[in-house]
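Chains, contacts and geometry: an overview
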Amino acid sequence: MIEVIKKGLESSIQDYPGRLGFCDQGFPCSGPMDNWSFRLANILVGNQASDAGLECQYLGPTLKFHYDTVIAITGADMQAKLDDEAIPMWCNIQVKQGQTLSLNFAKGVGARTYLAIAGGFATEPWLGSRSTFNKAGVGGMEGHAIQDKQMLPVNAPSDKQTQLGQKQRSVKRDARPVFSSNKEWEIEVVRGPNDDWIDDAGHERFLAASWKLSAKSDRTGFRLDGPDWTFTPKAFDKALEHGTEPSNIIDQGYPLGAINLAGQTPIILMNDGPSMGGFINPYTVPTVGFWKLGQAKPGDTLHFKQVSVQEAQSLRKHINTLCSEDSIL
Amino acid sequence: MIYPEPKFLPGGDRYILIEFGNEMNLELNFMGQGLAAAIKEEAIDGLIESAPCFASTLIHYDPDVIGFDELVPLLSQLIKDLGPSEDLVLDSRIFYFPTVYLDPWSNECVEDYIEKINPDKQKDPELVTELNGLESPEHFARVHSATEYWVASLGFWPGLPFMMPLDPRCAMTAPKYNPPRTWTPKGTVGMGGGSTAIYPDHLAGGYQIFGRIPVPIWDTQKRFPQFEDSICLFKPGDRVKFVPCTIEEFEHIERQVKDGTYVYNLVEYQKFSVKSYKAWTQSIDKNIRF
């Protein structure tokens, strides 16, 4: 078991790709926001890439291990220490019973740190997944982010994992996700599904602008501050059933990563976001750009780069290839 | 209208939105539901889940298994093979909910929004009354509560029903909030566009709000037998009737819910015949308001 000494700021158990198959009842996928870093952490300790690990946001937790195991830390740099000694990221670390892991504030660029433990967390799966949907009280530890004094249930590492833990393993440099060096991020987007509601000038403005990630952003959605949108006649000449504002549409399913336009404020729909609603989605962030959102901090600047569906699907395959044992040294 | 050919709209690298039309009617909803059912039946490799709504179905797929270009012709064929909805006769439960219209709780929420976010916002009941050419908020409540609502889909939040009025004499519309509200009381009833919804919990929202029910429509604790199979009360094809009640009655039922003695008021013996429904809608004068 792992004891929570200090919970940090909304640290939650997630698995990959999360809670699938229930979007028609209104459940979001949940799961890790930067799933590239998440999957590599699991692979380092000999887990399946999908196993349940811990997502730490902005300020990480302090955890005491009550058993011997192997861990790995990836993602943002929270200046991890084991007892009082600094430990490296992107590699496996042996942990002895009684040792304490402490994570601090995410330093520099990057917002989310991932902790994998050999064997994975063993919380009760909820609708097929251990992922936490914190706002709804679903999955994870009693439905929510971890709390002080909780004992987090774990699977014991297998013999193979223990053996693997005795070897030094690290992720090759060129297989790690590359974070921004200057708080500016280039995020890939695909046009659609509702791109024909925005006029040419509106599209140009969207792709040319610098968008500031607002402080009002969390696992449900990322608000963006930037220029206003302009619309095609379709947004005005429509049945009243859509609603009268230009961004109103008859309620429809929302893709994960959709750039949702409620009035004039774009909100990127994140892992715990709404599955359906009545506003247009002119663009969607595909897998290749989505992990970067998980590492962007409020105040960072986003620039959007348009790619085709086919390009996005091929770029995703590249990330999947990197999230494998072949990336381990 | 219902489009002659459905539109296949990409949503990034993992989603396709299939739009069947750009209005709200039962036929479009059946196309969306029918496609979702056909996908489940066919078990196409790489299709993860689908979310049908009023006039569209969102498909979530795994592009490592099947690409956009391969998926579109497969889905297109499934849609062509969907049978007509004309002859459908469906089991359809109906739920009766005591409802306080023009209630103090949604009013407090609207006042909070006006004070903190948008001072120009007209109060929701007055806005929908005016836009739909009715005499007063009380008249609006009378019209809104005079029909059964068809649960077209669940989404936005676990268990939230997107509903349309079955009686065309009660069809009304409303704009959505700009910007959206940051909170809405649990159980609030609202309208956006031509759709009516119930907020399952204390949530952000964009619909105009004007009523509240005391009965839970989702329950992670599964305190009532209706939640045995799912923590969401509704399934598509259910119907809802809002029964106007007083605040005293609301509070009485709220207490019953709290101590676990509440009995859900639903009937399960009825079937919904699309043919009979259509024949009936054609026989009435749609311009009448109650």
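Above: the structure in question.
Everything quoted here is computed from the prediction, not taken from an experiment.

**Looking at the overall build of chain B**
Broken down by element type, chain B carries seven helices and 14 strands. On C-alpha atoms alone, chain B measures out to a radius of gyration of 20 Å, which is about the 19 Å that the 2.2 N^0.38 rule sets for 290 residues. In chain B, buried positions account for 59% of the 290 residues. Restricting the contact set of chain B to residue pairs at least 6 apart, pairs at least 24 apart contribute 67%.

**Regarding the side chain of Ser-247 of chain A**
Residues and elements named next belong to chain A. Position of Ser-247 relative to the elements: it lies in the loop between β14 (221–225) and β15 (248–253). Judged by relative accessible area, Ser-247 falls into the buried class, the value being 1%. Ser-247 has contacts with Phe-231, Lys-238, Leu-261, Ala-262, Gly-263, Gly-278, Phe-279 and Ile-280, leaving out every residue within four places of it along the chain.

**Points about the sheet that holds strand β4 (residues 56–61) of chain B**
All names here are of chain B. Across the sheet, four strands lie side by side as β1-β2-β4-β3; this open sheet has antiparallel pairing. Because the sheet does not close on itself, it has two edges, and the strands there are β1 (2–11) and β3 (47–52). Pairwise comparison of adjacent strand axes, ignoring direction, gives a mean angle of 15 degrees for this sheet. Judged from the six bridges that link them, β1 and strand β2 (residues 15–21) form a sheet pairing that is antiparallel. Its bridge partner being in β2, Leu-9 is matched across the sheet by Leu-17.

**With respect to the interface of chain A and chain B**
Across the contact, 58 residues belong to chain A and 56 residues belong to chain B. Buried surface at the junction of chain A and chain B, summed over both partners, amounts to about 4,400 Å²; 59% is from carbon and sulfur atoms. It is Glu-241, Asp-251 and Met-276 of chain A in chain A that bury the most area against chain B; as a group they hold 15% of the surface buried on that side. Joining chain A to chain B, the criterion identifies three salt bridges. For Asp-24 of chain A, the salt bridge is made with Lys-40 of chain B, and the minimal N-O distance between the two is 3.4 Å. Counting every contact that joins chain A to chain B gives 25 residue pairs in polar contact (both at pLDDT 80 or more). When residues in the side of chain A that touches chain B are grouped by element, the largest group, seven residues, is from helix α5 (residues 309–322) of chain A. Classifying every residue of the side of chain A that touches chain B by side-chain character gives 27 nonpolar, 22 polar and nine charged.

**Brief notes about helix α4 (residues 287–295) of chain A**
Counted residue by residue, α4 of chain A has nine buried out of nine residues, so it is predominantly covered. Among all positions in α4 of chain A, only Thr-287, Val-288, Gly-289, Phe-290, Trp-291, Lys-292, Leu-293, Gly-294 and Gln-295 of chain A are buried.

**Considerations on the sheet that holds strand β6 (residues 81–82) of chain A**
Residues and elements named next belong to chain A. Strand order across the open sheet formed by six strands is β7-β6-β9-β4-β1-β11, with antiparallel pairing between neighbours. One side of each edge strand has no neighbouring strand; the edge strands of this open sheet are β7 (85–86) and β11 (151–152). Summarising the sheet, β6 and β7 pair through two bridges and their orientation is antiparallel. Bridge pairing in β7 links Leu-82 to Glu-85.

**Some details on a negative patch on the surface**
A contiguous patch of negative charge, built from Glu-248, Glu-249, Glu-251 and Glu-254 of chain B, is present on the exposed surface. The residue Glu-249 of chain B is located in helix α6 (residues 247–259) in this model.

**Side note on the environment of Lys-96 of chain A**
Residue and element names in this part refer to chain A. Summarising the element assignment, Lys-96 is placed in the loop between β8 (92–95) and β9 (100–102). Overall, Lys-96 belongs to the partly exposed group, its relative accessible area being 47%. When the C-alpha atoms of Lys-96 and Phe-65 are compared, they prove to be 7.3 Å apart, with 31 residues separating the residues in sequence. The contact partners of Lys-96, leaving out residues within four places of it in the chain, are Phe-65, Tyr-67 and Asp-68.

**Details of the environment of Gln-252 of chain A**
Mapped onto the fold, Gln-252 of chain A is located in strand β15. Taking relative accessible area as the criterion, Gln-252 of chain A reaches 1% and is therefore assigned buried. Along the sequence, Gln-252 of chain A and Gly-226 of chain A sit 26 residues apart, while their C-alpha atoms lie 25 Å from each other. Residues within four places of Gln-252 of chain A in sequence aside, it is in contact with Asn-194, Ser-275, Met-276, Gly-277, Phe-279, Ile-280 and Asn-281 of chain A together with Leu-17, Cys-53 and Ser-56 of chain B.

**Structural notes on the packing of helix α1 (residues 35–44) of chain A against α5 of chain A**
Residues and elements named next belong to chain A. Viewed as axis vectors pointing N to C, α1 and α5 meet at an angle of 25 degrees, and their least axial separation amounts to 10 Å. In terms of axis orientation, α1 runs roughly parallel to α5. Handedness of the α1/α5 crossing: right-handed. Residues Trp-36, Arg-39 and Leu-40 of α1 form the contact with α5, whose own contacting residues are Ile-319, Asn-320 and Leu-322. Residues that form the contact of α1 with α5 fall into these classes: four nonpolar, one polar and one charged.

Each value, and the rule that gives it
- Residues numbered from 1 in each chain as written.
- Chains lettered and ligands numbered in written order.
- Predicted model: local features only at pLDDT ≥ 70, side-chain atom pairs only at ≥ 80, totals over all residues.
- Heavy atoms only, no water.
- Helix = DSSP H or I, 4+ residues; strand = E, 2+ residues; numbered from the N terminus.
- Rg over C-alpha atoms; globule rule 2.2 N^0.38 Å.
- Buried < 20%, exposed > 50% of the residue type's maximum accessible area, 1.4 Å probe, protein only.
- Contact = heavy atoms within 4.5 Å.
- Pairing = 2+ DSSP bridges.
- Axes fitted to C-alpha atoms, helices over the stretch in contact; angles between N-to-C directions.
- Buried area = accessible area lost by both parts, 1.4 Å probe.
- Salt bridge = Lys/Arg side-chain N within 4 Å of Asp/Glu carboxyl O.
- Polar contact = N/O pair within 3.5 Å; in protein donor to acceptor, adjacent residues only side chain to side chain.
- Nonpolar A, V, L, I, M, F, W, Y, C, P; charged D, E, K, R; others polar.
- Patch = residues over 30% accessible without salt bridge, like charges linked within 9 Å, V, L, I, M, F, W, Y side chains within 5 Å.
- Areas by Shrake-Rupley, 256 points an atom, 1.4 Å probe, with all protein chains shown as cover.
- Lys, Arg positive; Asp, Glu negative; His and termini not counted.
- Charge placed at Lys NZ, Arg CZ, Asp CG, Glu CD.
- Parallel < 35°, antiparallel > 145°, perpendicular 65-115°, else oblique.
- Left-handed = near helix turned anticlockwise from the far one by under 90°.

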